[in-house]
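Given next are the chains, with one letter for each unit.
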Amino acid sequence: MPTPKEILEYCKQHEVKIVDIRFTDLPGLWHHISFPIGQLSEASFEDGFGMDGSSIRGWAAIHESDMLLTPDPSWHMLDPFCTVPTLVLIGNISDPLTRQHYDRDPRYIAQKAEAYLLSTGIADQAFVGAEAEFFIFDNIRFDQREQHGFYYIDAEEGRWNSGRETDNLGYRPRLKEGYFPVPPTDHYQDLRTEMVMQMQNAAGLHVECHHHEVAAGGQAEIDGRFDTLLKSADHMMKFKYIVRNVANEYGKTVTFMPKPIFGDNGSGMHTHQSLWKGGKPLFAGDGYAGLSQMALHYIGGLLKHAPALAAIMAPTTNSYKRLVPGYEAPVNLAYSRRNRSAACRIPMYSASPKAKRVEFRPPDPSANPYLCFAALLMAGLDGVENRMNPGEPLDRDIYDLSPEELKHVPSLPGSLEEALDALEADHEFLLKGEVFTEDVIHTWIDYKRKNEVDAVRLRPHPYEFQLYYDI
């Protein structure tokens with residue numbers, strides 16, 4: 001890890017003029033404050049910078065808005081999208097009076113999750129590898145007012161654009177047939193490659209592969225290498241920043257909405273998890289699919305708490321447009337090797353104990369990665385600590401089960417409102433080690449109900465006019 005002194009030397013070598021410090025709000029967006037480089041000193045990494053937290057979503061009230069933003073020296077990046085040489089650092093939030101970390105800072109919650117893991121003695125490292133899918137569009141229009149509401153997507157690859165009079169060369173993926181076609185059907189090979197180059201060269205991320213995803217309309221996936229929980233959450237914030245800005249430079253726009261297109265696959269954030277201790281993997285064993293008993297108990301915790309987890313890992317009303325049968329969405333709570341229709345999948349690519357992991361498929365990329373990864377770890381650890389039985393594996397395609405068979409398989413909530421109710425009823429496992437607090441849980445639930453659930457519920461939907469205008 002570089003020292004503050006080494007970071008200042010780096011700034012001199014690269015003639016940095018601005019230092020840009022990033023932090024994350026409760027819903028999961030990166031924010032930033034920029035300072036002339038002369039403001040950054042070795043003391044800044046201890047003393048921090050003053051900031052107003054009252055206008056940050058889900059944070060402090062106006063009467064308690066003063067906060068400290070303290071840069072973390074563990075990572076830095078020369079921003080490839082700024083004209084003036086700009087150094088990017090990630091900051092932590094604390095109270096200027098008590099100097100205590102701020103409980104509603106999502107990054108602090110992830111840090112506490114790692115500390116709690118250590119305190120249990122179960123393991124000393126939790127590794128996370130997340131696969132965030134996204135859509136690339138040419139143009140997006142949307143508005144919602146008192147007397148109108150609409151959205152309109154223009155996508156070069158959209159099959160609905162086959163009637164375009166201009167810029168139409170005819171190569172478009174068919175519905176649900178976007179997986180792995182070569183160019184020119186895959187329109188975005190060069191764009192994704194540029195994203196990968198910036199991730200590697202500017203941000204130091206380790207990328208394993210990139211490819212077109214199943215949906216038409218420009219769905220893509222770039223897979224990064226797994227890392228420890230906090231670092232993986234940090235990586236996801238860097239990932240989103242780079243993907244959006246490279247697309248912007250190409251005159252495109254990217255969305256991480258789970259389900260922007262009706263009738264085609266949505267975007268998930270399949271999250272691979274494993275526990276290690278003393279440099280040794282703990283999920284490998286001689287049980288089902290080569291798993292240890294600990295791994296099976298971990299799965300038991302994920303499945304038991306999945307309805308509550310849904311409010312954090314699939315945290316938007318749009319998430320539940322994705323979590324429906326028929327689009328490879330893992331609606332039903334079961335586990336299986338290889339089977340992608342199960343909520344928990346055990347990848348079988350390698351026999352190496354180091355590769356043994358659990359892939360949890362319900363999360364989507366609208367999730368705040370700090371909260372999501374922390375909550376998944378806490379659910380899994382609750383399963384390990386209480387030796388939760390995950391039940392029998394389900395190695396059939398869940399969507400081919402008869403209604404009689406399917407009624408015995410539990411499923412995820414059908415809406416954000418149901419998920420928030422489940423979290424309200426089941427969150428004790430998140431409070432262990434004060435990783436999450438009652439304040440954070442209730443702030444999250446209240447924010448989501450008021451600003452998202454009620455906001456969508458109260459507005460007429462455009463399709464309601466087609467259904468009911470002449471009723």
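Values in this document were obtained by computation on a predicted structure and should not be read as measured data.

Visitor: Can you help me understand the pattern of salt bridges in this one?
Guide: Pairs can form between side chains of opposite charge whenever their charged atoms are close. Taken as a whole, this structure holds 19 salt bridges when the rule is applied. The partner of D103 in a salt bridge is K112, with the nearest N and O atoms 3.3 Å apart. On the basis of relative accessibility, which here comes to 9%, the residue K112 falls in the buried class. Connected through shared salt-bridge partners, D20, R22 and D79 make up one network.

Visitor: Got a minute to help me understand helix α1 (residues 4–13) in this structure?
Guide: Structural remark: α-helix, 3.6 residues per turn; residues separated by three or four positions point the same way. Regarding α1, the residues found buried are I7, L8 and C11. For α1, the arc enclosing every buried residue in end-on projection is 100°, short of the 170-degree limit, so these residues lie on one face. Exposed residues pointing more than 90 degrees away from the buried face of α1 are listed as K5, K12 and Q13. Among the structural elements, α2 (44–47), β4 (66–78) and β5 (86–94) are those in contact with the buried residues of α1. In the stretch just after α1, E15 is the one whose phi turns positive, near 50°.

Visitor: Is there a simple way to think about the pairing of strand β1 (residues 18–24) in this case?
Guide: The two faces of the sheet receive side chains in turn, since in a regular strand these alternate between them. In terms of residue burial, β1 counts as a mostly covered element, since six of its seven residues are buried. Across seven bridges, the pairing between β1 and strand β2 (residues 30–36) is antiparallel. Each bridged residue has a counterpart across the sheet, and for I18 the counterpart in β2 is P36. Between the end of β1 and the start of β2, which pair antiparallel, lie five residues, with G28 showing a positive phi angle near 120°.

Thresholds applied
- Residues numbered from 1 in each chain as written.
- Predicted model: local features only at pLDDT ≥ 70, side-chain atom pairs only at ≥ 80, totals over all residues.
- Heavy atoms only, no water.
- Salt bridge = Lys/Arg side-chain N within 4 Å of Asp/Glu carboxyl O.
- Buried < 20%, exposed > 50% of the residue type's maximum accessible area, 1.4 Å probe, protein only.
- Helix = DSSP H or I, 4+ residues; strand = E, 2+ residues; numbered from the N terminus.
- Arc of directions from axis to C-beta.
- Contact = heavy atoms within 4.5 Å.
- Pairing = 2+ DSSP bridges.

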